[in-house]
Amino acid sequence: MIQIILGVIIVSIGIFVFYKYPMKSDVRQMTLGALFVILAIILKRLAVMVPFLGFPSLKITLEVLPLIVAGLTLQPGYCFIVSIATDFLGLVLANAGGFPFLGFTLNAVLQTEIPCLLKIYLNEKLLERIVKIVMVIISLLGCLYVFKINEVNISGSSYQVTLPIKFTIFVIIAAMLTILFIFIRYYKNKLKEKDLHLFHLSILSVVAIELTVTMFLTPYWLQTMYGIPFFASQFVRILKSCVMIPVGIIIVYTMNRMIQKVIR
């Protein structure tokens, strides 16, 4: 039943995208789209294991970043095709048997379409305010969650979340938030209006994907498929997000700015 619902959602998104934003034949868009698909598939196989605060290694992967850049660069129709192609080819190359779980296909679609729609609908003044508000809310929620838990279960083993670990995580979250606000203020005075808009879009896109896909949808799909409790992996995901959000913003903004210069 869940597969049918997910299939309907994905098809509905496709119909909306192609009806609202009809595709125009564009060799440059097709070439960039193919490049993003290749990058995403390559990066998916280049995961890095990082030990953190005494817990088992965190799996850091970057395949989502080319999809976000695609969303900020391509038209909505091409974004949809890139996401479907990336998911399908990833399954083929991984030799995954059986019918794919469409929850992860929906993840790929959202990873391109969310940045694309943010680019279309948000002006600069509104965008800057949303970026600041969202970052503060997410940081407070992350701190509150870490403060309330005393034990986490990772790969079948229980780990105590001691006060020093909690304090370290609070410091990391506060440092990440402070650095982002410093960057926003610095670039506001240094960048041209178009580049500043791109910088804010990069921040909001990375944060939105981390929140909707990494922190909410993926744990729900894992619970649906394997019975893994929704909150079982949230602690590790918060740790991962502390690393991925700053890194993702830098990479997405840099890649996008380079592509924009080439296009111009």
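Note: the structure precedes this text.
Our subject in this report is the structure included herewith. Given the structure is predicted, the values throughout are model-derived calculations rather than measurements.

## Details of the overall build of the protein chain
Right, so step 1: In terms of regular secondary structure, the protein chain is built from nine helices and four strands.
Right, so step 2: Listing the helices and strands of the protein chain from first to last along the sequence gives α-α-β-β-α-α-α-α-β-β-α-α-α.
Right, so step 3: Taking contacts inside the protein chain between residues at least 6 apart in sequence as the whole, the part at least 24 apart equals 78%.

## Focus on a nonpolar patch on the surface
Right, so step 1: Judged by side-chain polarity, Met1, Ile4, Ile5, Val8 and Ile9 come together as a nonpolar surface patch covering roughly 510 Å² of accessible area.
Right, so step 2: Among the residues examined, isoleucine 5 registers a relative accessible area of 39% and is labelled partly exposed.

## Brief notes about the nonpolar core
Right, so step 1: Within the largest apolar cluster, 52 residues are counted, with the highest numbers of intra-cluster contacts made by Phe36, Ile68 and Leu74.
Right, so step 2: For this core, the element with the most residues is helix α8 (residues 193–226), which contributes twelve residues.
Right, so step 3: Contacts of isoleucine 68, omitting those with residues within four sequence positions, involve Gln111, Pro115, Ser205, Val206, Ile209 and Val252.
Right, so step 4: Counting residues in hydrophobic clusters, the runner-up holds eleven residues, among them Ile165, Met215, Phe235 and Leu239.

## Points about the packing of aromatic side chains
Right, so step 1: Scanning all chains against the criterion turns up six aromatic pairs.
Right, so step 2: Ring-pair connections join several aromatic residues into one group, and the members of that group are Phe101, Phe104, Tyr220 and Trp221.

## Here we look at the side chain of glutamine 29
Right, so step 1: Within the secondary structure, glutamine 29 is located in helix α2 (residues 27–44).
Right, so step 2: The class for glutamine 29 is buried, based on a relative accessible area of 10%.
Right, so step 3: Reaching out from glutamine 29, the side chain makes a polar contact with the backbone nitrogen of glutamine 75 at a distance of 2.8 Å.
Right, so step 4: Setting aside its immediate chain neighbours within four residues, glutamine 29 contacts Thr73, Leu74, Gln75 and Tyr78.

## Overview of the state of the cysteines
Right, so step 1: Applying the stated criterion across every chain yields a total of zero disulfides.
Right, so step 2: Between cysteine 79, a free cysteine, and cysteine 116, which holds the nearest cysteine sulfur, the sulfur-to-sulfur gap is 3.9 Å.
Right, so step 3: Overall, cysteine 79 belongs to the buried group, its relative accessible area being 0%.

## Some points on the environment of glutamine 260
Right, so step 1: For glutamine 260, the location among the structural elements is in helix α9 (residues 234–263).
Right, so step 2: Glutamine 260 gets classed as buried once you look at its relative accessible area, which sits at 18%.
Right, so step 3: Here the alpha-carbon distance between glutamine 260 and leucine 198, two residues 62 residues apart in the chain, equals 9.8 Å.
Right, so step 4: Ignoring any residue separated from it by four or fewer positions in sequence, one finds glutamine 260 in contact with Leu72, Thr73 and Leu198.

## Structural notes on the environment of lysine 119
Right, so step 1: Relative to the helices and strands, lysine 119 resides in helix α5 (residues 102–121).
Right, so step 2: Counting along the chain gives 48 residues from lysine 119 to glycine 71, while the straight-line C-alpha distance between them is 8.3 Å.
Right, so step 3: Not counting residues up to four positions away in its chain, the partners in contact with lysine 119 are Gly71, Leu72, Thr73, Leu74 and Leu201.
Right, so step 4: Within the structure, lysine 119 has its side chain in polar contact with the backbone oxygen of glycine 71 (distance 3.5 Å).

## A closer look at the packing of helix α1 (residues 2–20) against α5
Two quantities define a packed helix pair, namely the angle between the helix axes and the distance between the axes.
Right, so step 1: α5 packs onto α1 with a crossing angle of 30 degrees between their chain directions and a minimal axis gap of 10 Å. In terms of axis orientation, α1 runs roughly parallel to α5. Helix-helix and strand crossings are classified by hand; for α1 and α5 the assignment is left-handed. Along its contact with α1, which presents Gln3, Leu6, Gly7, Ile9, Ile10, Ile13, Val17 and Lys20, the element α5 presents Leu102, Gly103, Thr105, Leu106, Val109, Leu110, Glu113 and Tyr121.
Right, so step 2: Among the residues making up the contact of α1 with α5, the classes are represented as ten nonpolar, four polar and two charged.

Cut-offs and rules
Residues numbered from 1 in each chain as written. Predicted model: local features only at pLDDT ≥ 70, side-chain atom pairs only at ≥ 80, totals over all residues. Heavy atoms only, no water. Helix = DSSP H or I, 4+ residues; strand = E, 2+ residues; numbered from the N terminus. Contact = heavy atoms within 4.5 Å. Patch = residues over 30% accessible without salt bridge, like charges linked within 9 Å, V, L, I, M, F, W, Y side chains within 5 Å. Areas by Shrake-Rupley, 256 points an atom, 1.4 Å probe, with all protein chains shown as cover. Salt bridge = Lys/Arg side-chain N within 4 Å of Asp/Glu carboxyl O. Buried < 20%, exposed > 50% of the residue type's maximum accessible area, 1.4 Å probe, protein only. Core = buried A, V, L, I, M, F, W, Y, C linked by side-chain atoms within 4.5 Å. Phe/Tyr/Trp six-rings, centres within 6.5 Å; stacked < 30°, edge-to-face > 60°. Polar contact = N/O pair within 3.5 Å; in protein donor to acceptor, adjacent residues only side chain to side chain. Disulfide = S-S within 2.5 Å. Axes fitted to C-alpha atoms, helices over the stretch in contact; angles between N-to-C directions. Parallel < 35°, antiparallel > 145°, perpendicular 65-115°, else oblique. Left-handed = near helix turned anticlockwise from the far one by under 90°. Nonpolar A, V, L, I, M, F, W, Y, C, P; charged D, E, K, R; others polar.

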